[in-house]
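# Survey of secondary and tertiary structure
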Amino acid sequence: MVTTSASGLRRRPRVRPLRLVSGILLVIVTLIILLPVFYMLVSSVRTTADLGENPLGFPDPIAWGNYGDVFASLDYGRAIFNTALVALSSVALVVVTGSAAGWAIARHIRGWTKATYRLFIAGLTIPVFVLTTPLYLLMHTLHLLDTYLAAILVYASFNLPFAILFYVSFLRSIPQELEDAAAIDGCGPLKTFWHVVFPLLRPATATIAIFVTLSIWNDVVVPLLFLTSGGVRTVTLSVFQFVGTQNSIAAAQLFPAVVLAAAPLIVLFIIFQRQIIGGITAGIGKS
Amino acid sequence: MRLTRPTALLFIAPALILFILFTVYPAVSGLWLSFTDARGALAGDFIGIENYVKAFTDPKAAAALQNTIVFTVISVVLQNALALALARWMYSHTRLQGFARVGTLVPAMMATVAVAYIWSYIYSPITGPLNTLLRAVGLDGAAKIWLGDPTTALAAIAVVNVWMFTGYAATIYLSGFLSIPSTIFEAAAIDGARGWKLFRSVEWPLLAPAFTVNLTLSTIGALRVFDLILLMTKGGPGFSTESISYVIFNESFGKLNYGYGSSLAVILLILTVIVSFILTTVLRRREVEW
Amino acid sequence: MRRIALAAVLAAGIAVTASGCASTGDGGDENVLTVVSWKSEDTNDADMKTINDLFRKEHPEIKLEYTWVDNPDWLTYNNPRFAAGTAADVLMLDRVKMIAFASQGFLADLSDQPWVDRQMDDLTPFNQYDGKTYQFNAENIPLGLYANMDLLAQAGIDEVPQTWPEFIDALETLKAAGIPGFSVPNKGGWMGEQIALELAATHVPAGWVEDYDAGDASFTGTWDPVVDAFKELFAKDLVDPALSLGLDPNVDAMPEFQAGKWAFMVQGAWSLTNILENAQFEVTLNAFPGGPAGSEPKAFNFVGSGWGINAAAKNPDAARTYLDFLASPEIATIFLEAEAGFSTLKDVPSPSNEASKPIEDSFAAGNVTPSVAQMLNDPDAEFDLIKGVENIFLNPTAPASDTTSLLNSLVEPTQLK
């Protein structure tokens, strides 16, 4: 039997029982992959003694109190604020500068714009540790160590290659007519960019914003070097310093801390899953 | 809208200045530092290739290079093999696709600190759930001291890396599968291609773009591994899990040996550039158009 | 979209403004005193919140700005600030950090301060560099052997072992009774180093450190008994070296000891309060039984946090006032009680606790001495010892010379000027 739709073709009626088993197995495998996540959630409300007694059990009783202590020790509210501030500002900086540059590179095709493009793209392969020491010295010279601005500038710069790659390939896939029409209407380049191009770039902007946020939330290196004192710490650093360098930390503190570190990102993922998957597969094919 | 040269420059300038100041300049200045004996905040003197000589004779640097390569090979092979199988599986179950894809992506969306600490606990030899589970099903012999044994520690960390990013890679492969035009399947069906043969002769070649992206991403990511090691073993036991990035961090910021640390960073950069160049040229060649 | 973009730009604006507030060190005309410490005021480590509030009450004219920075980030954070002249007025220090800063001329000479003569004499290497005093040592925390007296009684042992043969006997007895004996969680290598330092307190003679740094001595021979003690524990199957490497001192071992599962564990006195809170059994903190029959148990002190002053302090007078305040008997006692540490001042008695009575007696008898790892001049000595001792766990049957020669190659003999 030959059908015209791909999904129709994939349905092979003769092997139904096997397909059922295979489907159930796929669900089970997915759940197994998620097992450590469930384990983290369940363990976060167990007492240290309870957990030591039976590492694989369920909470008895449910120790919600675990969270209260950890919340305070992590200075969680402050850390969330710091992370959000750094992430939002970096995203704003990347999006504004990246889209402008991307537009010029995609629409003004000359030798020098191509060279600039290649310079940006080369940045994709540079490991962060090649840059850390000189950046550290530079931030020290600029008196920016331990300020939000240091982290924002570094993150923005590190993420520009990815943003420009993304904006340029996005712009190449859309026709230039709208922009030309705006020009006929008498808009200058700045107005055209702001009223026509920037709104057109919205899907690319959303993807970039999400990915930059994800990478900042995950990062240990930049906060470790540029946001070291108590007031400006991000969530990741706060959890690292709480768990990694304390004299004694019990399981009842470890798991809630870990949940608090992971939760904001997972929530973000659940809300924006379509955009995130779209972003991951951009340039490959269909999602 | 025809952009004139000054306008184009105006639009590119902010990004370019940001990039030159905080990426290009540090990269060049890192290269310079690597030829000096800079320590801490004190500027160093030019000492030629002394740091590089040290790097190539330092057994710790050699061990770190070897660890980084072993980690990369384990991660890349395992992650891509599993992701490909998972993607093929998801592809054949249209209705479960959404659930499986989102579910397997969750690990990649967790903060690395969280992942590292959860798995440290999972690997713990006595109370850890992994060994508890193995003993419960009678596999006492398979229970290991995962992170404390120099023969398993590096692989155990690599497995965590694979756990984190297999769903991510599978998402990319799946979209590769989904973009294969149905006409190709029809033609293959007429030729009688099925199962392994279908995969080998039809799907695999057409997955080339997804393969290129995945291989490049996973290799570059693994070559610069740092956070998982810092968080899970701090390079131990012995020096068995020290990666190049970890040694750079330790030399530069633990011991303030900026010069020597920078020379290791330059070596890492060269390694990354060579590997990604090989990957892109070799892999792009086998990508086919349809 | 426009609204989002606007919000983003706004956020960037806030960031730029906020970054101005986050930088510390610019005192201006006010009487501001800046302090950087790894004991956080927010979590009231070492009761620093209480202490600082008392200071603020007593000196309303000084505006105290107290910043917390994590201990491992100390050099990364402070060194460039010293070089740029923006470091804080008062900084928390230990010996390694004092040497790192003092050797670059960053610290103020405090030799004329009133508390100098009150510091205990054996702390001199910890507060002096090149013959000048650069820090006030605020605490002296012993690490010792915690014993679960109930478990010992169960095995018919009614006294904590005082010598190595007694310790081995006790472990054999416990093993025969099916009771887990000596918990040695060595993931990360820290625990192995602490036990080695306990053994070194017995086996490594005074003066060895100076000889080593002068190039006149080595680990070979002197440290053989330390290595052999580990090997004996492993050979007699009293400690499993491979398992030890996978156990975390805090996440694995601490809850287990508190749950009453192990008879012995080495830990710092800083854990005492926490252990006493949770343990449902009688617990004691003792000096380590590392010596031959007839000897007295010994232990080592971790000479922890101290305080020094920036040579280029913007408010040097207030800085000295602050150190004076911290060294006053009343405040020193608050600090020591919170840390369960021993006194560093001749006129301040150490806080006492029934559970730690045995190690207090050893201290009074002069059997608790500063850590060898801290006295070595190589700034990486602590890290090198960790890696060296870890080698015994990785190769438990290798001859002691394997480990001692590894230590010789790792720890660099370093002469201070």
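On a predicted model such as this, the values are computed, not experimentally measured, just so you know.

Quick notes on the rules
- Residues numbered from 1 in each chain as written.
- Chains lettered and ligands numbered in written order.
- Predicted model: local features only at pLDDT ≥ 70, side-chain atom pairs only at ≥ 80, totals over all residues.
- Heavy atoms only, no water.
- Axes fitted to C-alpha atoms, helices over the stretch in contact; angles between N-to-C directions.
- Helix = DSSP H or I, 4+ residues; strand = E, 2+ residues; numbered from the N terminus.
- Parallel < 35°, antiparallel > 145°, perpendicular 65-115°, else oblique.
- Contact = heavy atoms within 4.5 Å.
- Nonpolar A, V, L, I, M, F, W, Y, C, P; charged D, E, K, R; others polar.
- Domains from an automatic or database assignment.
- Buried area = accessible area lost by both parts, 1.4 Å probe.
- Salt bridge = Lys/Arg side-chain N within 4 Å of Asp/Glu carboxyl O.
- Polar contact = N/O pair within 3.5 Å; in protein donor to acceptor, adjacent residues only side chain to side chain.
- Buried < 20%, exposed > 50% of the residue type's maximum accessible area, 1.4 Å probe, protein only.
- Expected span 1.5 Å × (residues − 1).
- Phe/Tyr/Trp six-rings, centres within 6.5 Å; stacked < 30°, edge-to-face > 60°.
- Lys, Arg positive; Asp, Glu negative; His and termini not counted.

### Here we look at the packing of helix H8 (residues 190-203) of chain C against helix H18 (residues 381-394) of chain C
Residues and elements named next belong to chain C. Two elements in contact, H8 and H18, have axes separated by 8 Å at closest approach and are oriented at 95 degrees. Here H18 runs roughly perpendicular to H8, going by the angle between their axes. Only Glu-382, Leu-385, Ile-386, Val-389 and Phe-393 of H18 make contact with H8, whose side of the interface consists of Trp-190, Gly-192, Glu-193, Gln-194, Ala-196 and Leu-197. Residue classes in the contact of H8 with H18 are distributed as 7 nonpolar, 2 polar and 2 charged.

### Observations regarding the domain arrangement of chain C
Residue and element names in this part refer to chain C. Looking at chain C, the domain boundaries give domain 1 (28-137 + 304-343) and domain 2 (143-301 + 356-410). Taken together, the contacts link 10 residues of domain 1 with 14 residues of domain 2. Carbon and sulfur atoms make up 65% of the area that domain 1 and domain 2 hide from each other, which totals about 1,000 Å². Three residues stand out in domain 1 for area buried against domain 2, namely Arg-95, Phe-126 and Phe-342, and they jointly supply 50% of the buried area on that side. In this assembly, domain 1 and domain 2 are joined by 0 salt bridges. Remark: the boundary between domain 1 and domain 2 carries 4 residue pairs in polar contact (both at pLDDT 80 or more). With 3 residues, helix H4 (residues 95-102) is the single largest residue contributor to the side of domain 1 that touches domain 2. When grouped by side-chain class, the residues that make up the side of domain 1 that touches domain 2 number 6 nonpolar, 1 polar and 3 charged.

### With respect to the pattern of salt bridges
Under the counting rule described, the total for this entry stands at 15 salt bridges over all chains. For Glu-203 of chain B, the salt bridge goes to Arg-88 of chain B, with nearest N and O atoms at 2.9 Å. Taken as a pair, Glu-203 of chain B in helix H9 (residues 195-206) and Arg-88 of chain B in helix H3 (residues 59-91) lie far apart in primary sequence, 115 residues in all. A salt bridge links Glu-232 of chain C to Lys-236 of chain C, with the nearest nitrogen and oxygen atoms 2.8 Å apart. You can call Lys-236 of chain C partly exposed: its relative accessible area is 35%. Each member of the salt-bridge network shares a partner with another, and the members are Glu-41, Lys-49, Asp-53 and Arg-56 of chain C.

### What about H18 of chain C?
All names here are of chain C. Helix length check: H18 (14 residues) gives 20 Å between terminal C-alpha atoms against 20 Å at 1.5 Å per residue, within 8%. When you tally the buried positions in H18, you get 11 out of 14 residues, the bulk of the element. Within H18 the residues assigned to the buried category are Ala-381, Asp-384, Leu-385, Ile-386, Lys-387, Gly-388, Val-389, Glu-390, Asn-391, Ile-392 and Phe-393. Those residues of H18 hidden inside the fold are in contact with H8, helix H10 (224-235), helix H11 (241-244), helix H17 (372-375) and helix H19 (400-410).

### Remarks on the side chain of Thr-125 of chain A
Structurally, Thr-125 of chain A can be placed in the loop between helix H6 (111-122) and helix H7 (128-141). Leaving out residues up to four positions away in the same chain, Thr-125 of chain A has contacts with Ile-220, Arg-224, Leu-269, Thr-272, Val-273 and Ser-276 of chain B.

### Details of the packing of aromatic side chains
This structure, assessed with the given rule, holds 57 aromatic pairs over all chains. An aromatic cluster is present here, built from Phe-129, Tyr-136 and Phe-226 of chain A together with Phe-226, Tyr-246, Phe-249, Phe-253 and Tyr-258 of chain B joined pairwise through their rings.

### Let's talk about the side chain of Arg-95 of chain C
Residue and element names in this part refer to chain C. Its place among the elements puts Arg-95 in helix H4. Buried within the structure, Arg-95 lacks any salt-bridge partner; its nearest side chain of opposite charge belongs to Asp-213, at an N-O separation of 6.0 Å. A polar contact of 2.9 Å, which involves the side chain of Arg-95, links it to the backbone oxygen of Gln-374. Residues contacting Arg-95, with those up to four places away along its chain left out, are Pro-125, Phe-126, Gln-135, Gln-374, Met-375, Leu-376, Asn-377 and Leu-416.

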